[in-house]
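# Structure assessment
Listed here are the chains, written in short residue letters.
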Amino acid sequence: QVQLVESGGGLVQAGGSLRLSCAASGRFFSIKGMGWYRQAPAKQRELVATSGSGGMSNYADSVKGRFTISRDNAKNTVYLEMNSLKPEATAVYYCYALVTIPRGNDNLYWGQGTQVTVSS
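Residues numbered from 1 in each chain as written. Predicted model: local features only at pLDDT ≥ 70, side-chain atom pairs only at ≥ 80, totals over all residues. Heavy atoms only, no water.

## Here we look at the overall build of the protein
Across its full length, the protein carries 0 helices and 11 strands. Counting from the amino terminus, the protein carries its helices and strands in the arrangement β-β-β-β-β-β-β-β-β-β-β. Its C-alpha radius of gyration of 14 Å places the protein within 12% of the 14 Å reference for a compact globule of 120 residues. For the C-alpha atoms alone, the extent of the protein along its principal axes is close to 50 × 25 × 25 Å. Contacts in the protein between residues far apart in sequence, at least 24 positions, make up 56% of those at least 6 positions apart. In the structure as shown, the protein presents an accessible area of about 6500 Å², 47% of it carried by carbon and sulfur atoms. Of the charged side chains in the protein, 12 are positive and 7 negative, and the gap between their average positions amounts to 4 Å. (Helix = DSSP H or I, 4+ residues; strand = E, 2+ residues; numbered from the N terminus. Rg over C-alpha atoms; globule rule 2.2 N^0.38 Å. Contact = heavy atoms within 4.5 Å. Areas by Shrake-Rupley, 256 points an atom, 1.4 Å probe, with all protein chains shown as cover. Lys, Arg positive; Asp, Glu negative; His and termini not counted. Charge placed at Lys NZ, Arg CZ, Asp CG, Glu CD.)

Put into structure tokens, the structure is as follows:
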């Protein structure tokens, strides 16, 4: 079993910043990748940022230059630093982890979601 626990969401005004955290725990051999999705009301879930096991990151065009994803491998934790927030960033943010379980299979696990609301 793998659990992802998110924290750091909240309400901020436009131009403000938030830092989301997502910590993975459980029985697994390794984490191959971690990242963040978000889903706003009446919109499809979209990929925000990814961080692979090799340290490479990728971002949605809408957040490039303002969001930064990072990982603390020793703590099995991924972070999302969100700066210069815009109202359109309002969404529920979900972290994910692609993990290798003891039998050798790779599986995706999801956090519970954390609400980010940016007021104008």
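We are not done yet, so read on.
## Let's talk about the nonpolar core
Core analysis: the largest hydrophobic core is formed by 31 residues, its most contacted members being Trp36, Val48, Phe67, Leu80, Met82, Leu85 and Tyr93. Looking at this core, the elements that each hand over two or more residues are strand 1 (2–7), strand 3 (18–26), strand 4 (30–39), strand 5 (46–52), strand 7 (67–72), strand 8 (77–82), strand 9 (91–100) and strand 11 (114–119). A total of 5 residues in this core trace back to one element, the largest contributor, which is strand 9. Those residues in contact with Leu80, other than ones at most four positions away along the chain, are Leu18, Arg19, Leu20, Trp36, Val48, Ala49, Phe67, Thr68, Ile69 and Tyr93. (Core = buried A, V, L, I, M, F, W, Y, C linked by side-chain atoms within 4.5 Å. Buried < 20%, exposed > 50% of the residue type's maximum accessible area, 1.4 Å probe, protein only.)

## Thoughts on the side chain of Thr100
If you trace the backbone, Thr100 turns up in strand 9. In this structure the side chain of Thr100 is engaged in a polar contact, spanning 2.7 Å, whose partner is the side chain of Asp106. Look past the residues within four positions of Thr100 in its chain and what remains in contact with it is Phe28, Phe29, Ser30, Lys32, Asn105 and Asp106. (Polar contact = N/O pair within 3.5 Å; in protein donor to acceptor, adjacent residues only side chain to side chain.)

## Digging into the sheet that holds strand 3
A sheet is described by the order of its strands in space; here 4 strands give the open sequence 1-3-8-7, paired in antiparallel fashion. In this open sheet, the two strands that pair with only one neighbour each are strand 1 and strand 7. Taken over all neighbouring pairs, the strand axes of this sheet differ in orientation by 15 degrees on average, direction set aside. Where strand 7 meets strand 8, 6 bridges bridge the pair, whose relative direction is antiparallel. In the strand pairing of strand 8, Thr68 is matched with Glu81. (Pairing = 2+ DSSP bridges. Axes fitted to C-alpha atoms, helices over the stretch in contact; angles between N-to-C directions.)

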